Amino acid sequence: MFSGEEVASLFARCDVTHVVTVPDSTLGRWEPANQQAGIRLVRVCREGEAWAVAGGLYLGGARPVVVIQCTGLFESGDSLRNILHDWKLPIFSVIGYRSYLNQETLPGDTALIFTEPTLKAWQIDYRFITKPDEFEVFARHLETCSREGKAGAVLIAEGKA
Amino acid sequence: MSASPVGMPLVEALAALRVERREDDVVISAMGAAREWMTLGTHPLDWVFVPSSMGQATSLGLGLALAQPQRRIIVLNGDGSTLMNLGSLVTITAEQPANLVIVTFDNGVYEITGAQPTPGGVAGRKAGDRVDYLGLARAAGFRSTFHFTGLAEWVAGVRGVLDATGPTFTLLDVAPVPGARGPRSPGPTSERARRFMAALRG
């Protein structure tokens with residue numbers, strides 16, 4: 001969907017200091033560009049950790065972004081709830097939507113059923129991006145959330161270039 | 001078979017730590033440790049992680065340690081919480097923050113829900129053994145590891161623990177607090193977060 005260079009450039013423009021991540025085959029390709037842009041990667045073992053690590057980074061004055069797949073969003077529940085809602089820390093996340101553009105590869109994949117309802121249940125202000133020409137939607141949402149100190153997310157369709 | 005190793009009193013173990021805590025140290029406390037830590041007083045750099053997501057104190061501590069490498073970050077955690085986020089031990093050692101100290105209070109039970117055995121404690125295991133948390137920490141790659149079974153030993157050793165090169169993992173055998181309840185939030189979260197961040201900025 002987007003190149004690592006595009007994403008890294010946006011992150012740098014928004015003063016992102018850390019990417020806290022469990023990669024998938026789409027999001028992981030951004031890692032070299034992020035590192036070249038001077039953005040530090042923190043690789044966590046499970047996605048629930050990512051929200052708490054990002055929360056600690058934010059409290060300490062850094063500007064982290066959580067980058068995970070939608071399956072990791074499902075895993076994240078209680079930690080996400082605590083950081084975004086109990087503590088109201090404005091953590092932005094990038095959620096990869098597994099196989100959305102290539103649904104025949106995983107027939108019966110319930111990630112397609114539960115991803116958006118989960119984002120809505122957690123009251124996350126997200127933008128759903130399905131086309132490469134929607135990079136500006138991603139950029140505008142991250143810029144707005146950064147400027148206004150709000151949590152938010154982009155859900156990025158994966159599965160096809 | 002006892003539910004936990006006979007251990008030192010939690011509040012006295014915390015009091016010993018409080019004596020050695022530097023003014024610029026951040027202390028993150030969770031669950032039973034938070035409940036007792038609050039009884040010992042307040043400090044602008046205390047992050048009482050209440051409400052919490054159980055198990056996430058070590059991860060929050062890692063984030064703070066990375067963002068504030070000039071400060072020592074001390075995390076007061078329980079054995080049940082450790083079990084909920086064992087992967088965080090590996091995440092921490094991947095980053096090797098020299099300023100992060102994890103202190104794990106092992107009483108073998110989920111104290112605040114009525115002292116049911118954890119699956120890591122003696123009473124929660126078919127074999128009647130006890131999970132070797134120190135061994136887990138060593139295997140994960142913590143640079144400094146310590147184990148204290150008695151209060152006198154802990155009082156004598158706490159400064160050495162805090163001054164060791166991190167990441168540091170310390171295990172303390174503590175006795176469950178009979179009838180203990182969960183910690184109460186000491187105030188509105190947004191306001192506490194704002195004050196804490198201001199204290200970090202000095």
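All of these numbers come straight from a predicted model, not from anything done at the bench. (Residues numbered from 1 in each chain as written. Chains lettered and ligands numbered in written order. Predicted model: local features only at pLDDT ≥ 70, side-chain atom pairs only at ≥ 80, totals over all residues.)

Brief notes about the overall build of chain B
This is how the line gets drawn: Secondary structure elements follow DSSP: runs of H or I no shorter than four residues count as helices, runs of E no shorter than two count as strands, and numbering proceeds from the N terminus. Radius of gyration here is computed from C-alpha atoms only, and the compact-globule reference equals 2.2 Å multiplied by the residue count raised to the power 0.38. Counting other C-beta atoms within 10 Å of a residue's C-beta gives its exposure: the residue is buried at 20 or more, exposed at 12 or fewer, and partly exposed in between, where C-beta atoms are placed from the backbone. Working definition of a contact: two residues with C-beta atoms, positioned from the backbone, lying within 7 Å.
Helix and strand counts for chain B come out as eight helices and eight strands. Relative to the compact-globule value of 17 Å for 202 residues, chain B shows a C-alpha radius of gyration of 16 Å, a close match. In terms of overall dimensions, chain B has C-alpha extents of about 50 × 35 × 30 Å along its principal axes. Counting the 202 residues in chain B, one finds 49% classified as buried. For chain B, contacts bridging at least 24 residues in sequence account for 76% of all contacts bridging at least 6.

Describing the environment of H18 of chain A
Residues and elements named next belong to chain A. In this structure, H18 sits in strand β1 (residues 18-21). Sequence-wise, H18 and G56 are 38 residues apart; in three dimensions their C-alpha atoms are separated by 11 Å. Those residues in contact with H18, other than ones at most four positions away along the chain, are I39, R40, V42, L57, A62 and P64.

Quick word on the interface of chain B and chain A
What counts here: Charged residues are taken to be Asp, Glu, Lys and Arg, nonpolar residues to be Ala, Val, Leu, Ile, Met, Phe, Trp, Tyr, Cys and Pro, and polar residues to be all remaining types, Gly included.
Taken together, the contacts link 26 residues of chain B with 24 residues of chain A. The set of elements that each furnish at least two residues to the side of chain B that touches chain A consists of α3 (57-67), α5 (87-95) and α8 (189-201) of chain B. Among the elements that make up the side of chain B that touches chain A, the one with the highest residue count is α3 of chain B (eight residues). Among the residues making up the side of chain B that touches chain A, the classes are represented as 12 nonpolar, 13 polar and one charged.

Some words on the sheet that holds strand β5 (residues 126-129) of chain A
Residue and element names in this part refer to chain A. The condition that has to hold: Criterion used throughout: strands pair if DSSP finds at least two bridges between them. Axes, fitted as lines to C-alpha atoms, cover a helix only where it is in contact. Angles between the N-to-C directions of the axes lie from 0 to 180 degrees.
If you trace the six strands from one edge of the open sheet to the other, you get β2-β1-β3-β4-β6-β5, paired in parallel fashion. Two strands in the sheet have a free side with no partner beyond their single neighbour: β2 (40-43) and β5. Taking the axes of each pair of neighbouring strands and ignoring which way they run, one obtains an average angle of 20 degrees across the sheet. With five bridges joining them, strand β3 (residues 64-69) and strand β4 (residues 92-97) adopt parallel strand pairing. When the bridges of β4 are listed, V66 appears paired with S93. In this fold helix α4 (residues 70-86) packs onto β3 and β4, with an angle of close to 110 degrees to the strand it touches most, β3.

Describing the confidence of the model for chain B
Note the following rule: One number per residue, pLDDT, summarises how confident the predictor is, and it ranges from 0 to 100.
Of the residues in chain B, 98% have a pLDDT of 70 or more, and the chain-wide mean is 95. We note a pTM of 0.97 for the whole complex and an ipTM of 0.97 for its interfaces.

Regarding the packing of α3 of chain B against α5 of chain B
Residues and elements named next belong to chain B. Under the convention used in this document: Note on angle classes: values under 35 degrees are labelled roughly parallel, values over 145 roughly antiparallel, values of 65 to 115 roughly perpendicular, and the remainder oblique. Each crossing gets its hand from how the near helix is turned against the far one by less than a right angle, where anticlockwise is left-handed and clockwise is right-handed.
The N-to-C vectors of α3 and α5 enclose an angle of 15 degrees; their axes lie 9 Å apart at closest approach. Regarding the angle of α3 to α5, the classification is roughly parallel. Crossing angle aside, the handedness with which α3 passes α5 is left-handed. Where α3 abuts α5, its residues T58, S59, L62 and L66 lie against S88, T91, I92 and E95.

Some details on unusual backbone geometry
Residues and elements named next belong to chain B. Of note, the bond from V50 into P51 is cis; its omega dihedral lies within 30 degrees of zero at 5 degrees. When you line up the elements, P51 lands in the loop between β2 (46-48) and α3. Backbone torsion omega between G166 and P167 reads 0 degrees, so that peptide bond is classified as cis. In this structure, P167 sits in the loop between α7 (151-163) and β8 (168-173). In this structure, M31 takes a positive phi of about 50 degrees despite not being glycine. Here M31 lies in helix α2 (residues 31-39). A tally of 25 C-beta atoms within 10 Å means that M31 is categorised as buried.

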